[in-house]
Amino acid sequence: MGRFLNIGNKNFAEFSKTQYFVDKSRLINKLIKKDITEKFVCNSRARRFGKSVTADMLVAYFSKGADSKSLFEPLKCVKDTLFLENMNAYDTIFVDIQACFKEAEEIMAAPNQYIRSGLINELKAAYPKFVSKKMALAAALESIYNQTGERFVIIFDEWDYPIRELDESSPDRLAYTEMLRGLFKNNAAKSYVRLAYLTGIMPIVRIKGQSAVNNFMEYTMTNPMDLAQDIGFTEEEVFSLCKRFNVDFEQMKEWYNGYDLNGTAMYNPLSVVRAISAKRFGQYWTVTGTYGDIDDLINKNFDGLRTDIIRMLSGNRIPVNVSNGKNDLQFFKSKSEVITALIHLGYFAYDADAREAYVPNKEIQEVFYQYMENNESDNLSRFIRVSEKILNAVMERDAEETARQIQNVHNDFISGIEYNDENSLVCTITIALISAFRYYHKPIREFPCGRGFADIVYLPLQTQPNRPVLVVELKWNKSAQTAIAQIKKKQYPESLREYSGDILLVGIDYDKKTKEHYCVIESLGL
């Protein structure tokens, strides 16, 4: 067993014995059933979604020379005739593209030549009669197939690393593109490839013929098709883990749920496992990286991008066209392209039916909050400071200051929202109180309580037992006092006593004639 060819099942065998292992082996059944037009697969997901572990599983299953029967026997994969016939039946090439580029950089070698030489040397060792060191990689594979009939499984992890990280004119990026084209786009590839499986973060880009793999089926964060459940944790899998390790599932759901992949709720595995291990909910995902992606993309501020981000952080959704996504993270022409990139990177989620982007969960809110804390000169940072002033004014029951600051938010940050009913006002208030997410659960609209529904209710987190419940009632062209009266009349507070000792009633009115906000705040403590 070599570095690239038939590396065996050791990595997956070790991982499958870990206490947080989640069985995703049914992916194998799906892949081996794909016909000749579908056997070129590019499966992209956000960072830390379990792509590399899945690649290790496929290597363990396909690699010739390994004996993986006992490894897969207890797993969920269907052990039918097709499954058993394909197990450990193919010469399997595995390349971690990012690792190889880094290694080549350390020894000051050309990365593509580094990869090619390693593969050719191992192919020659396995098939000395049919491979020479001067051969192109595709030619070597074709020669082996023509002489022996042996087909190959080719798995590239982080396949898009050179596309994402290197400039479009970089010689190494251009050479890499040509290597992919030579390996997968020639007619012989249809014969010598049993399965080609690429994993990465971003989808395939097709610009001026630069895509070397446009014959691949794409499975992405915006269109995962039938592989939606196979990368990442499903809600059922997370619930099972929480039950096994005695972790609060509802908190887990609030912190890490929210990615909608083809109608399936998916979770980032790294965050779930870290939360279970630490017995503490928090922001784990981007601790492994930096905020560079956010910084670079947000600073492009196309077409009011920052305003839309503020809306999403407050729980609202915005329409987005994801059809023209990019994957080099360098050249963008529109707001939709930037938001689409942030969807693929995992910072936003996407509802394919509604064609809307949104912030998926509390962890991502925390990511943006930390980003804003570290970028004090950014407009988003300036906004969060204003929101904190509003929340403090509410807590101090300063109705005049609350109304004044809400007015400023509407004028300075979200003037694009035209008030034509109370729903528009709801959007403004949730945006104005965006900073509450660190102390409260996600704001609940139309919360059923008493004899009716409260417009907006903020329930304090378990870690914030001294925070009051906020009950916000909104009026349009009436009066803030009328809003407070409605809260009392419908007996909202009584049904909220179990959540907190103190309850703040916040009545807000917008006068269409004067275009001003008015506020009344009352406390109903124990």
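Residues numbered from 1 in each chain as written. Predicted model: local features only at pLDDT ≥ 70, side-chain atom pairs only at ≥ 80, totals over all residues. Heavy atoms only, no water.

With respect to the overall build of the protein chain
Line of reasoning, step 1. Secondary structure assignment for the protein chain yields 22 helices and 16 strands.
Line of reasoning, step 2. Across the 526 residues of the protein chain, 56% fall into the buried class.
Line of reasoning, step 3. Sequence separation of at least 24 residues holds for 69% of the intrachain contacts in the protein chain that already meet a minimum separation of 6. (Helix = DSSP H or I, 4+ residues; strand = E, 2+ residues; numbered from the N terminus. Buried < 20%, exposed > 50% of the residue type's maximum accessible area, 1.4 Å probe, protein only. Contact = heavy atoms within 4.5 Å.)

Brief notes about the packing of helix H12 (residues 235-245) against helix H13 (residues 249-256)
Two measures define how a pair of helices packs: the angle their axes make with one another and the distance between the axes.
Line of reasoning, step 1. The N-to-C vectors of H12 and H13 enclose an angle of 135°; their axes lie 10 Å apart at closest approach. In terms of orientation, H12 lies oblique with respect to H13. Between H12 and H13 lies a crossing whose hand is right-handed. Taken together, the residues of H13 that come into contact with H12 (itself represented by Glu-235, Val-238, Phe-239 and Cys-242) are Phe-249, Met-252 and Lys-253.
Line of reasoning, step 2. Considering only residue class, the contact of H12 with H13 consists of 5 nonpolar, no polar and 2 charged. (Axes fitted to C-alpha atoms, helices over the stretch in contact; angles between N-to-C directions. Parallel < 35°, antiparallel > 145°, perpendicular 65-115°, else oblique. Left-handed = near helix turned anticlockwise from the far one by under 90°. Nonpolar A, V, L, I, M, F, W, Y, C, P; charged D, E, K, R; others polar.)

Here we look at the sheet that holds strand S4 (residues 193-200)
Line of reasoning, step 1. Taken together, 5 strands build an open sheet; the order of strands is S2-S3-S4-S1-S5 and the sheet is parallel. The two strands at the open ends of the sheet, each matched to only one other strand, are strand S2 (91-96) and strand S5 (217-219). The average angle at which neighbouring strand axes cross in this sheet is 15°, direction not considered.
Line of reasoning, step 2. Pairing between S2 and strand S3 (residues 152-157): 6 bridges, direction parallel. Each residue of the ladder has a partner; that of Phe-94, found in S3, is Ile-155.
Line of reasoning, step 3. Of the strands in this sheet, S2 and S3 touch helix H6 (residues 97-106), which is tilted by about 60° from S2. (Pairing = 2+ DSSP bridges.)

Here's the deal with the nonpolar core
Line of reasoning, step 1. The biggest cluster of nonpolar side chains holds 103 residues, and the ones touching the most others in it are Phe-72, Tyr-197, Ile-339, Ile-343, Phe-348, Phe-368 and Ile-429.
Line of reasoning, step 2. Setting aside its immediate chain neighbours within four residues, Ile-429 contacts Ile-406, Ile-456, Tyr-458, Val-472, Leu-474 and Ile-508. (Core = buried A, V, L, I, M, F, W, Y, C linked by side-chain atoms within 4.5 Å.)

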